[in-house]
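Spelled out from the first residue to the last, the chains are:
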There are 2 protein chains.
Amino acid sequence: MWDVVIVGAGLSGLAAANHVLRKDAQLKIIVLEGKDRVGGRTVSLKIPAARGDDVWDLGGQWVGSTQTHVMDLIRELGLEVYPQYTEGKKVHHMGAPESKARTYTGSLPFSSPLVLLDTTLFLWKIEKLCKTVSVEDPISTPNALQYDSMTLHTYMEQHIWTKELQQNMGVCCRTLFGMEPAQLSFLYFLVFATAAGGVLPLLGTESGSAQEFRVKGGTQQLSEKLADQIGRENVLLGSAVTAIEQHSDVVQVRTATQSFPCRAVIVTCPPHLAAKIRYSPALPTERDLLTQCMPVGHLIKFIVTYPTAFWREKGFSGEVVVQNSTGCPFSVTFDATSPGGSPALVGFIAAEQASDWTVRTKDDRRNSVIHSLQKYLGPEASVFIHYEEKDWAREEFSGGCPVNIMAPGMISFYHPSLRKPCGRIFWAGTETATLWCGYMSGAVQSGQRAALQVLRHLAPESLSPSDHEVAGASQSHLTQRKTWATSPAPYRSTTLLAITTVTLGAALLLARPQLSRHLIGRALVFAQEVGFNNKP
Amino acid sequence: MWDVVIVGAGLSGLAAANHVLRKDAQLKIIVLEGKDRVGGRTVSLKIPAARGDDVWDLGGQWVGSTQTHVMDLIRELGLEVYPQYTEGKKVHHMGAPESKARTYTGSLPFSSPLVLLDTTLFLWKIEKLCKTVSVEDPISTPNALQYDSMTLHTYMEQHIWTKELQQNMGVCCRTLFGMEPAQLSFLYFLVFATAAGGVLPLLGTESGSAQEFRVKGGTQQLSEKLADQIGRENVLLGSAVTAIEQHSDVVQVRTATQSFPCRAVIVTCPPHLAAKIRYSPALPTERDLLTQCMPVGHLIKFIVTYPTAFWREKGFSGEVVVQNSTGCPFSVTFDATSPGGSPALVGFIAAEQASDWTVRTKDDRRNSVIHSLQKYLGPEASVFIHYEEKDWAREEFSGGCPVNIMAPGMISFYHPSLRKPCGRIFWAGTETATLWCGYMSGAVQSGQRAALQVLRHLAPESLSPSDHEVAGASQSHLTQRKTWATSPAPYRSTTLLAITTVTLGAALLLARPQLSRHLIGRALVFAQEVGFNNKP
């Protein structure tokens, strides 16, 4: 009999386990993991490089100073961070393959004052909206229904005026989510950005941004060290949970071969994998429907090690941003030189491009990546030491990367069930975070929060008043959903329609009597077909 | 060792099994079903009524003359249909609770010539679009990317001018899909409508429409009779499939307790349930991601039996259509008097309302339904014989009703994997149909098509040339996805933006020099903040 079973030995699950034990070392816990390793969507690999083998991250790799949960953990575990290299020119290639790639310095690229104006206005609008968003309770956001009823693509189409900015935003979306703007709820995008402190911190490498630091020795160490602290005997690999049965006195957590009776469960795996577990009694409908429409993104991440950092020597930062119509497989690359000084580049094949390239061979992808690096950074790119890649969609117990998003309409309907405990099942995982949701920091935050929720249940005396507050907040009352029926009328008023119709009709009648007769005739035939023999 | 294992004993699975055996009676087949009954999303129940107990459908109940696959099956199985009762006034209540409910006859309601015009134009646009849609290969539809990048809600907002039509369409969407317009890809909506022959057949009760006929004795009989034909010993209930393993020589289909070695598998369960099965080797990424974002609708269906058909006596047809802001739990009711003459009404609590009402007690729902029926059809509605209901979201091996839809961006990305066999796994279920997708007829069509695909694999000599054609068509080449990057620019051109900006700027500068200075100042501060120190 265990006190707490934790499903998933990613950063969230291990942070939860560690937090439970830190508060009450007497509790008996076990972490069950489907993979044969800890770390979830972080994995660090030794790769041949200029100064001997060195370690690179094939999963989550960046942290930032405002990501306090993961930064605290890094310090606690005695790890170190170092800044992302950003000096020099960046390469920016939008448009068609034959269009010219440009270089620039600074934060954001633009080719003309018009694009600058468009970018400024658009980001200003988004930042203004982010200030109105409640991450904890997104339904309470003004116009929540309206923003959740459209895709990010639709919002972009309505508010972006230049093709270049539209393409830039497409690349951002692809690399942030592994998804196209057409697949995300716009409200979800706002919530995600707000949880990171705004849209600019998501994109940048400056202080406070998502790409500020890297972790010496790789991010998987966080999970490895946590697993050591928890005790390796309490982390069972190759043990995918298939069923969770809540009885009156006990919860049974089952794998294909074993059963773990316990008092509480923390499920930390991504929503689409949590949906594969069989729950008894069944979960509430809302929870069930939520996880049916939180798909995971698709990223293929690659690392190329080089004998020299030739791009630095040529004045490039290593950042290359490329539109997906250009024939180049990746959306973005960055300098990834190791702290030991082995030069490398890291890049992402994302979303639509991942879909296209996942079905090709590794050789194909490598050749095409190297070819594109040559094109953007120079012929030196052809002489590399090693190419390593990871297609996250191929990893069964992740299914994709970096994060599970929400399709339109899901927040308005089902969001409260994202974090709401179901009996003695508590939910964690970076998707349930309220700070840096979708990032390693969010994974840690959500794991620690779930740990406090469980402790409030099992050992309330072990919690401080502030712990109680954190544990309670996530179960507090959320705003009642507003109904679509009462959402505002379409912006075009019926008066406007009436005036336009009458004016145009009259003009048409006067100008082209024959065409008018033809059109009116067709309209009448159609009206008859659909049976408009209305008698009010 | 079996030749074919069929997952799911709904209409699709049983039609597939029946079709396999009809073509080659020597083949050894077995149908595995998680539920303790056959019929999937159809279930017929004996309910106390005016002329003794009679049978009503708590699941799929209507068929139409253009639904040839199910109509042929009905005839083959010796069953009969009878027309839906539609005579008399219909009740139509839109707007707020205090707004007036109106009555009308004819197909579609409208309160003013403006709404008539709006409705005609909107349906005309949709019908015109449907004529351009390819159901088999939706990516080849003109502007497919554009329509798949928006929700139905967005399209309605852009093309509907009156609040009343917007509300009408909301009710239609709710009852057709058990979903809100905010949750559907607009392209998916077009494909769904086109598979039914257009949007009007979806909504009507006329000849060729989806609500034309009912089946005497209930629709579950179709599955019961098919199960008898197949042999009950070949249909295993309570046997949910948990894993499908494809080895070089054999496919192992596993339930919690048994394993079924076979030569081919047909999976007919809804996509979100197919996603819960563990596949080895893993399914292609496209298939995996597709089923992560095909959520099932939410319907609660109810039947109320009455001593007399008081509504008919009062000149009502029994059809009541109600907007969800009115406090009434249901969206729509119809006359459901049995062929034996026992009066009854049938209705649906759908989508957003189902979400709200699923958490309340059955008594609550019944009282509120009866209260609303009294309001719309008269005080006689309070004296009923029996109230029966089924919340489809509560049925584990359905999870919802009537159909799994597609969220935006899913068709553009993953549609080809909807029907594409994965090794020796073939896909059926009404979601994979190309004619009346989402209906019983689509279930039959998809099951028969999958049967032919399997036979082409196992016993090609048993197939006629036309069978080969059907089996081959679903595996034929589909259009390559167009990329979002090359989709047309936003409709507002940069030229227009430039002219507007310059004009407005000049006007502002002249008219309000102080405000202009303030605005320009803020813009510059923001531009500095986001780091626009661009050096092209």
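Residues numbered from 1 in each chain as written. Chains lettered and ligands numbered in written order. Predicted model: local features only at pLDDT ≥ 70, side-chain atom pairs only at ≥ 80, totals over all residues. Heavy atoms only, no water.

1. Brief notes about the environment of Phe-122 of chain A
Residue and element names in this part refer to chain A. One can find Phe-122 in helix H3 (residues 113–130). Taking the C-alpha atoms as reference points, Phe-122 and Gly-399, separated by 277 residues in sequence, lie 33 Å from one another. Setting aside residues up to four positions removed in sequence, Phe-122 forms contacts with Tyr-155, Met-156, His-159, Ile-160, Leu-165 and Met-169. (Helix = DSSP H or I, 4+ residues; strand = E, 2+ residues; numbered from the N terminus. Contact = heavy atoms within 4.5 Å.)

2. Points about the pattern of salt bridges
Pairing between side chains becomes possible if they bear opposite charge and their charged atoms approach one another. Taken as a whole, this structure holds 44 salt bridges over all chains when the rule is applied. Across the salt bridge formed by Glu-224 of chain B and Arg-232 of chain B, the nearest N and O atoms sit 2.5 Å from each other. Overlapping salt bridges bring together Lys-35, Arg-37, Lys-390 and Glu-395 of chain A as one network. (Salt bridge = Lys/Arg side-chain N within 4 Å of Asp/Glu carboxyl O.)

3. What to know about the UniProt feature "domain: Amine oxidase" (unreviewed entry) in chain A
The sites that carry the UniProt feature "domain: Amine oxidase" (unreviewed entry) are, in the present numbering, residues 11–455 of chain A. Within residues 11–455 of chain A, the helical portion is 34% and the strand portion 20%, while the C-alpha atoms at the span's ends are 19 Å from each other. (UniProt positions renumbered as here; feature names shortened; annotations may be inferred.)

4. Things to note about the environment of His-468 of chain B
All names here are of chain B. Relative to the helices and strands, His-468 is located in helix H17 (residues 465–473). The class of His-468 is partly exposed, set by a relative accessible area of 28%. Excluding residues that lie within four positions of it along the chain, His-468 makes contacts with Arg-456, Pro-460 and Leu-463. (Buried < 20%, exposed > 50% of the residue type's maximum accessible area, 1.4 Å probe, protein only.)

5. Description of helix H17 (residues 465–473) of chain A
Residue and element names in this part refer to chain A. Within H17, the full set of buried residues consists of Asp-467, Ala-471 and Gly-472. Burial along H17 is one-sided: seen end-on, the buried residues are contained in an arc of 130°. Those residues of H17 that are exposed and angled more than 90 degrees off the buried face are Pro-465 and Glu-469. In this structure, the buried residues of H17 make contact with helix H1 (11–23) and helix H16 (440–458). (Arc of directions from axis to C-beta.)

6. Some remarks on the packing of helix H3 (residues 113–130) of chain B against helix H6 (residues 163–177) of chain B
Residues and elements named next belong to chain B. Where H3 meets H6, the axes come as close as 9 Å, and the angle between the chain directions of the two elements is 50°. Classed by the angle they form, the pair H3 and H6 counts as oblique. Considering how the two elements wind past one another, H3 and H6 form a crossing that is right-handed. On H6, the residues that touch Val-115, Asp-118, Thr-119 and Phe-122 of H3 are Glu-164, Leu-165 and Met-169. (Axes fitted to C-alpha atoms, helices over the stretch in contact; angles between N-to-C directions. Parallel < 35°, antiparallel > 145°, perpendicular 65-115°, else oblique. Left-handed = near helix turned anticlockwise from the far one by under 90°.)

7. So, the side chain of Glu-127 of chain A
Residues and elements named next belong to chain A. With respect to the helices, strands and loops of the structure, Glu-127 is situated in helix H3. Buried charge without a partner: Glu-127 forms no salt bridge, and the closest opposite charge is Lys-131, 5.1 Å away. A polar contact is formed between the side chain of Glu-127 and the backbone nitrogen of Val-199, at a distance of 3.2 Å. (Lys, Arg positive; Asp, Glu negative; His and termini not counted. Polar contact = N/O pair within 3.5 Å; in protein donor to acceptor, adjacent residues only side chain to side chain.)

8. Quick notes on the UniProt feature "binding site: FAD" (unreviewed entry) in chain A
Residue and element names in this part refer to chain A. In this structure's numbering, the residues bearing the UniProt feature "binding site: FAD" (unreviewed entry) are Ser-12 and Glu-431. Over a stretch of 420 residues, the named residues converge on one spot in the fold, their C-alpha atoms separated by at most 10.2 Å. Among the structural elements, Ser-12 can be located in helix H1. The exposure class of Ser-12 is buried, given its relative accessible area of 4%. Not counting chain neighbours up to four residues away, the residues in contact with Ser-12 comprise Thr-268, Ala-428, Gly-429, Ala-443, Ser-446 and Gly-447. The topology assignment puts Glu-431 in the loop between strand E20 (425–427) and H16. When residues no more than four places from it in sequence are discounted, the contact partners of Glu-431 are Arg-41, Pro-270, Pro-271, Met-294, Val-403, Asn-404, Leu-418 and Cys-437. At 2.9 Å, the side chain of Glu-431 and the side chain of Arg-41 are in polar contact.

9. Some points on the confidence of the model for chain A
Residue and element names in this part refer to chain A. Across chain A, the average pLDDT comes to 91, with 90% of residues at or above 70. Counting contacts from residues 532–536, a segment whose pLDDT is below 50, to residues more than four positions away or on other chains yields 18 contacts. Both scores are given for the predicted complex: the pTM is 0.90, the ipTM 0.88. (pLDDT = per-residue confidence, 0-100.)

10. Here's the deal with the packing of aromatic side chains
For any two aromatic rings, the description comes down to two numbers: the centre-to-centre distance and the angle of the planes. On inspection of all chains with the given rule, the structure shows 40 aromatic pairs over all chains. With a centroid separation of 5.7 Å and 50° between ring planes, the pair formed by Phe-302 of chain B and Phe-330 of chain B is classed as tilted. In this pair, Phe-302 of chain B is assigned in strand E15 (residues 299–305) and Phe-330 of chain B in the loop between strand E16 (316–322) and strand E17 (332–335), connecting sequence segments 28 residues apart. In this structure, Phe-302 of chain B and Phe-330 of chain B share a single accessibility class: buried. Here Lys-89 of chain A stacks its cationic end above the ring of Phe-316 of chain A, 4.5 Å away from the centre of that ring. (Phe/Tyr/Trp six-rings, centres within 6.5 Å; stacked < 30°, edge-to-face > 60°. Lys NZ or Arg CZ within 6 Å of the ring centre and 35° of its normal.)

11. Considerations on the environment of Met-406 of chain B
Residues and elements named next belong to chain B. The topology assignment puts Met-406 in the loop between strand E19 (386–391) and helix H15 (410–414). Placed 396 residues apart in sequence, Met-406 and Gly-10 show a C-alpha to C-alpha distance of 21 Å. Setting aside residues no more than four positions away along its own chain, Met-406 makes contact with Gln-183, Leu-184, Ser-185, Tyr-188, Leu-290, Cys-293, Met-294, Ile-411, His-415 and Leu-418.

12. With respect to unusual backbone geometry
With omega at -5°, the peptide bond leading from Ser-280 of chain A into Pro-281 of chain A counts as cis. Secondary-structure assignment places Pro-281 of chain A in the loop between strand E14 (278–280) and helix H11 (285–291). Going from Cys-401 of chain A to Pro-402 of chain A, the amide bond is cis rather than trans, its omega being -5°. Phi is positive for Asn-143 of chain B, which is not a glycine, with a value near 60°. Here Asn-143 of chain B shows up in the loop between H3 and helix H4 (144–148). Positive phi is not limited to glycine here, since Ala-351 of chain B has a value of about 55°. As for its position among the elements, Ala-351 of chain B is in the loop between strand E18 (344–350) and helix H13 (352–357).

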